[in-house]
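The lines below spell out each chain.
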Amino acid sequence: MPSLTLPYVPHYVAAPPTKETLEYADLAIIDISKADTEEGRAALAIEVREALLNHGFFYVVNHGYSQDQTARMFDIADLPFSAVSDNEKQIYAGTMKQTGSYQGYKLRQYWHIEAGVRDQLEHYNINRDVSKRGHPEALRPLLPEIKEFSKNNHFNVLHPILRLIARSLELPEDTLVNNHDYDAVGETYVRFMKYYPRTEEEETKTKNVWLKGHTDFGSITILWSQPVAALQILTREGEWRWIRHIENALVVNAGDAMDFLTGGYYKGTIHRVVQPPEDQRNYTRLGVFYFVMPNDDVKLVPMAESPVLQRAGIQRRCDDSEAPTMEQWRKARTSAYGQSVLEIGKEKGIEEEIINGVLVKHYN
């Protein structure tokens, strides 16, 4: 598409990278362009397996988007927040608690964080089928680009990763691809998210935590790396480590659905969002995501035919006969998140809730 045909979008100026010394997680960097050959996929499958077992997070580079294309997506991502009035946002607000769907806006202060403090982030969610519902006027001319962005994530990033994961489990390469059909009924979507600075009182009451430690409820999350340091993962050793920004890289992690499907072999990694370092605290933090879920009708039971899972031993989170479908799981997690009253867990710093008969933990 020639650049002259693209609608004008104001440029979003992101914060400069932090100069503070932080303890970063040492994540693998997966060059997804090597997945084009049989030899490359064989090598990458080993790298992805180790990355998922060690951290549950890894970077992806050479994903098909240039730095300029990525920068434009961040410019587009800011529009739902900077170019849409509060009144229009209300028109396109999501109904998470009622429908269990994030489509549309999640407005600020919808979630309870801690000690009476509510969130200071908003996001706008767009199903990969961009025609599924209406959108704010400012976004309408950009829907073709958002649709192409969705397709790039799905076919050029997600499907190659799913093939590598299937190989790592000694399953046919398209085992997981077939469960993540672009045209099937499901909730896989693009999310634009913006965090706003908070007051000192809010920071004190929440101990600087902006979003409690949690797992994502889908199979794979693709986060387009941005410079404001705030995302942390809980390592296998029980320590919080920062995620480093790498220009034009993706940060990929596993979620609950992958945990279900692999019988606990690839666990969803616990992560949280905290106050940025001092030199970035006066900036907004803009995020671009592709949240991935299996098709709605996929029953979340372990892929017991995997020789790898048979050797490792399958850890079920519930009996197969009681396992939810992806639709049931996503709706229950979405409607409950930030709205339900959490119980104090047996482990220190952990709160719990039961969703569809499955224990879900939240980490402070």
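Look up: the structure comes first, before these words.
What you see is a predicted model; the values in this text were computed from it and never measured. (Residues numbered from 1 in each chain as written. Predicted model: local features only at pLDDT ≥ 70, side-chain atom pairs only at ≥ 80, totals over all residues. Heavy atoms only, no water.)

A. Region of interest: the environment of Pro276. Residue placement: Pro276 occurs in the loop between strand E13 (271-274) and strand E14 (285-292). Taking the relative accessible area as the measure of exposure, Pro276 reaches 2% and is therefore buried. Taking the C-alpha atoms as reference, Pro276 lies 35 Å from Tyr182; in sequence the two are 94 residues apart. Look past the residues within four positions of Pro276 in its chain and what remains in contact with it is Trp210, Val228, Ala229, Ala230 and Arg281. (Helix = DSSP H or I, 4+ residues; strand = E, 2+ residues; numbered from the N terminus. Buried < 20%, exposed > 50% of the residue type's maximum accessible area, 1.4 Å probe, protein only. Contact = heavy atoms within 4.5 Å.)

B. Region of the structure containing empty space enclosed by the protein. Throughout the structure, instances matching the rule amount to two cavities of 30 Å³ or more. What lines the largest cavity is a set of 27 residues, and nearest its centre among them are Arg191, His214, Asp216, His271 and Phe291. Looking at the lining of the largest cavity, the elements that each hand over two or more residues are strand E7 (189-195), strand E8 (209-214), strand E9 (220-224), E13 and E14. Partitioned by chemical class, the residues of the lining of the largest cavity number 17 nonpolar, six polar and four charged. There is about 60 Å³ of room inside the second largest cavity. Asp259, Phe260, Leu300, Pro302, Gln315, Arg316, Arg317, Cys318, Asp319, Asp320 and Ala323 together form the lining of the second largest cavity. Counted by class, the lining of the second largest cavity contains five nonpolar, one polar and five charged residues. (1 Å grid on protein atoms, 1.4 Å probe; cavity = no way out; pocket = protein on both sides within 12 Å on 5 of 7 lines; lining within 4 Å. Points joined across faces, edges and corners; volume = space filled by probe spheres on them. Nonpolar A, V, L, I, M, F, W, Y, C, P; charged D, E, K, R; others polar.)

C. Geometry of the pairing of strand E2 (residues 57-61). When you tally the buried positions in E2, you get four out of five residues, the bulk of the element. Of the pairings in the sheet, the one linking E2 to strand E12 (residues 250-254) comprises four bridges and is antiparallel in character. Bridge assignment links Val60 to a residue of E12, and that residue is Leu250. (Pairing = 2+ DSSP bridges.)

D. Examining the packing of aromatic side chains more closely. For the structure on display, the rule yields eleven aromatic pairs. The interplanar angle of 50° and the centroid separation of 5.0 Å between the aromatic rings of Phe149 and Trp224 together place this pair among those described as tilted. Of the two residues, Phe149 sits in helix H5 (residues 143-168) while Trp224 sits in strand E9, which places them 75 residues apart along the sequence. Note on Phe155 and Tyr182: the rings are 5.2 Å apart at their centroids and 40° apart in plane angle, and the pair reads as tilted. Placement of Phe155 in helix H5 and of Tyr182 in the loop between H5 and E7 is noted, with a sequence separation of 27 residues between them. Ring pairing ties together the aromatic residues Tyr65, Phe149 and Trp224, which thus form one cluster. The aromatic ring of Tyr102 is capped on one face by Arg191, whose charged end is 4.9 Å from the ring centroid. Geometry around Phe260 places Arg317 over its ring, the cationic atom sitting 4.9 Å from the centre. (Phe/Tyr/Trp six-rings, centres within 6.5 Å; stacked < 30°, edge-to-face > 60°. Lys NZ or Arg CZ within 6 Å of the ring centre and 35° of its normal.)

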